[in-house]
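Listed here are the chains, written in short residue letters.
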Amino acid sequence: MPLVPDSPYHAPFYLFNGHLQTIVPSLWRSVPDVHYQRERVETEDGDFLDLDWSRQPAGRPTDTLGIVSHGLEGDAGRPYVRGMVRALNHAGLDALAWNYRSCSGEMNRLLRSYHLGDTDDLDFVIRYALGTTRYRHVFLTGFSAGGNVTLKYLGENPARVPKQVQRAAVFSVPTDLKSSSHHIARLENRIYLNRFMKTLREKMRQKAALLPGQVDLTNLDELQDFPQFDDRFTAPMHGFKSADEYYEHASSGRYLSGIRIPTLLVNAQNDPFLPPSCFPREVAAQSPYLFLETPADGGHVGFGEGAPDGPYYSERRAVEFLTAETPS
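Given the structure is predicted, the values throughout are model-derived calculations rather than measurements. (Residues numbered from 1 in each chain as written. Predicted model: local features only at pLDDT ≥ 70, side-chain atom pairs only at ≥ 80, totals over all residues. Heavy atoms only, no water.)

Draft legend 1. Fine view of the overall build of the chain. In terms of helices and strands, the chain carries 10 helices and 8 strands. Rg of the C-alpha trace for the chain: 19 Å, near the compact-globule value of 20 Å for 328 residues, within the 12% margin. Over its C-alpha atoms, taken along the principal directions, the chain stretches across nearly 55 × 45 × 40 Å. Relative to its 328 residues, the chain shows a buried fraction of 60%. When the accessible surface of the chain is totalled, it reaches about 13900 Å², and 53% of it is carbon and sulfur. (Helix = DSSP H or I, 4+ residues; strand = E, 2+ residues; numbered from the N terminus. Rg over C-alpha atoms; globule rule 2.2 N^0.38 Å. Buried < 20%, exposed > 50% of the residue type's maximum accessible area, 1.4 Å probe, protein only. Areas by Shrake-Rupley, 256 points an atom, 1.4 Å probe, with all protein chains shown as cover.)

Shown next, in the form of structure tokens:
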């Protein structure tokens, strides 16, 4: 019964609610001591992915890789990604932070983007990394949308997951996308929603400029929430009939019972993005592989400890879980 009964995490005194625990790390955290080497790889469908590597020094080779998947409208440069990369490096691992299609600073080529159920690109990245023949062990980490993709990947078809993928740790995951899409539209969360909608609209404009005549931008600015945007763009661009069909297919919650490697899910109880349906206690109670930790504090992709620029609980907890002889 991998329900973690008592989380040791408590937010610092100055981050006294879930909104501060969400906003301060996003706006004021800096992680300068991570240096990426970018590699562009061509995908089988004629597109590309940009991978940001942070490897151990030449004199300290490792056979273990940590792959980090970022959140919605994020990228490998976000502080929470860089913080996790730094923690993995300090633990002696190579790290690979990959950027989803359209998220690396350059619009992708095709009439598609990324979505929260797209596990094929994650599988491609894993197999590409294994193709270097450097790694015998792979750990997966993910935040928010990246956590959803990671959980879905592990659970939807366990036989597809390479044997080298041995553990995973994910944080602040909307395992129920339909409920989450309505939850973030509440009045107290509009500041977050508006920020996401602004970047999503801008990407549609860039896509329309790249592919003239293939993207209809009529009434784009009238789309005010995720269901409206996903029904108009995300679903049809990726083969779904509607936003509801997309949410049903892409939500990791329906795949959790299929996970077959030790996997840690940490969702804060005061996360402003997550409704109650994103705390899969019953599944975790019955699964020998899914470890669910639900600290009272943390916000969304927060989990700060002390000063904003220092190490975060999510990073300590991930490294602890991924590298322990016996996960807990």
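Next comes the rest of the account.
Draft legend 2. Fine view of the packing of aromatic side chains. Tallied over the full model, the rule gives 16 aromatic pairs. Taking the centre distance of 5.4 Å and the plane angle of 40 degrees together, the rings of Tyr246 and Tyr247 count as tilted. Cluster of aromatic residues (ring-pair linked, three or more members): Tyr9, Tyr80, Phe143, Phe171, Phe303 and Tyr313. Against the face of Tyr312 rests Arg29, its NZ or CZ located 3.6 Å from the ring centre. The ring of Trp53 has Arg55 sitting right over it, with the charged end atom 4.1 Å from the ring centre. (Phe/Tyr/Trp six-rings, centres within 6.5 Å; stacked < 30°, edge-to-face > 60°. Lys NZ or Arg CZ within 6 Å of the ring centre and 35° of its normal.)

Draft legend 3. Focus on the nonpolar core. By size, the foremost hydrophobic cluster in this structure holds 65 residues, and its most contacted members are Ile67, Leu140, Leu154 and Phe226. Here this core takes 7 residues from helix H6 (residues 190-210), the largest share from any one element. Within the second largest apolar cluster, 30 residues are counted, among which are Val34, Val81, Phe291 and Tyr313. (Core = buried A, V, L, I, M, F, W, Y, C linked by side-chain atoms within 4.5 Å.)

Draft legend 4. Quick look at the side chain of Ser172. Inspection of the secondary structure assignment puts Ser172 in the loop between strand S6 (165-171) and helix H5 (177-183). In this structure Ser172 comes out as buried when scored by relative accessible area, which is 0%. The contacts of Ser172, once residues within four sequence positions are left out, are Ser144, Val266, Asn267, Asp271, Leu274, Gly299, His300, Val301 and Phe303. (Contact = heavy atoms within 4.5 Å.)

Draft legend 5. Looking closely at the side chain of Thr150. As for its position among the elements, Thr150 is in helix H4 (residues 145-156). For Thr150, a relative accessible area of 0% translates into the label buried. Among the polar contacts made by the side chain of Thr150, one reaches the main-chain carbonyl oxygen of Gly146 at a distance of 2.7 Å. In this structure Thr150 touches Ser69, Leu122, Leu140, Thr141, Gly142, Ala168 and Val170, once residues within four positions along its chain are discounted. (Polar contact = N/O pair within 3.5 Å; in protein donor to acceptor, adjacent residues only side chain to side chain.)

Draft legend 6. Inspection of the sheet that holds strand S2 (residues 48-54) at higher detail. Taken in spatial order, the 8 strands line up as S1-S2-S4-S3-S5-S6-S7-S8 in an open sheet, and their pairing is mixed. Bordering the open sheet on either side are strand S1 (37-42) and strand S8 (290-293), each of which pairs with just one other strand. Taken over all neighbouring pairs, the strand axes of this sheet differ in orientation by 20 degrees on average, direction set aside. Looking at chain direction, strand S3 (residues 64-69) and strand S5 (residues 137-143) are connected through 6 bridges and run parallel. Opposite Ile67, over in S5, you have Leu140 as the bridge partner. Contacts from H4 reach S3, S5, S6 and strand S7 (263-266), with the element oriented near 135 degrees to S5. Relative to S6, helix H10 (residues 313-323) is tilted by about 160 degrees, and along the sheet it contacts S5, S6, S7 and S8. (Pairing = 2+ DSSP bridges. Axes fitted to C-alpha atoms, helices over the stretch in contact; angles between N-to-C directions.)

Draft legend 7. Summary view of the pattern of salt bridges. A full pass over the atoms with the stated rule returns 28 salt bridges. One network of salt bridges, with partners in common, ties together Arg38, Arg40, Asp50, Asp52 and Glu106. (Salt bridge = Lys/Arg side-chain N within 4 Å of Asp/Glu carboxyl O.)

Draft legend 8. View of the pairing of S6. Counting buried residues in S6 gives 6 out of 7 residues, a clear majority hidden from the surface. Pairing of S5 with S6, which is carried by 6 bridges, proceeds in the parallel orientation. Paired with Thr141 across the bridge in S6 is Ala169. This β-α-β element, S5 to H4 to S6, shows right-handed connectivity. Pairing of S6 with S7, which is carried by 4 bridges, proceeds in the parallel orientation. From the neighbouring strand, Ala168 faces S7, where its bridge partner is Thr263. (Right-handed = clockwise from strand over helix to strand, strands pointing away.)

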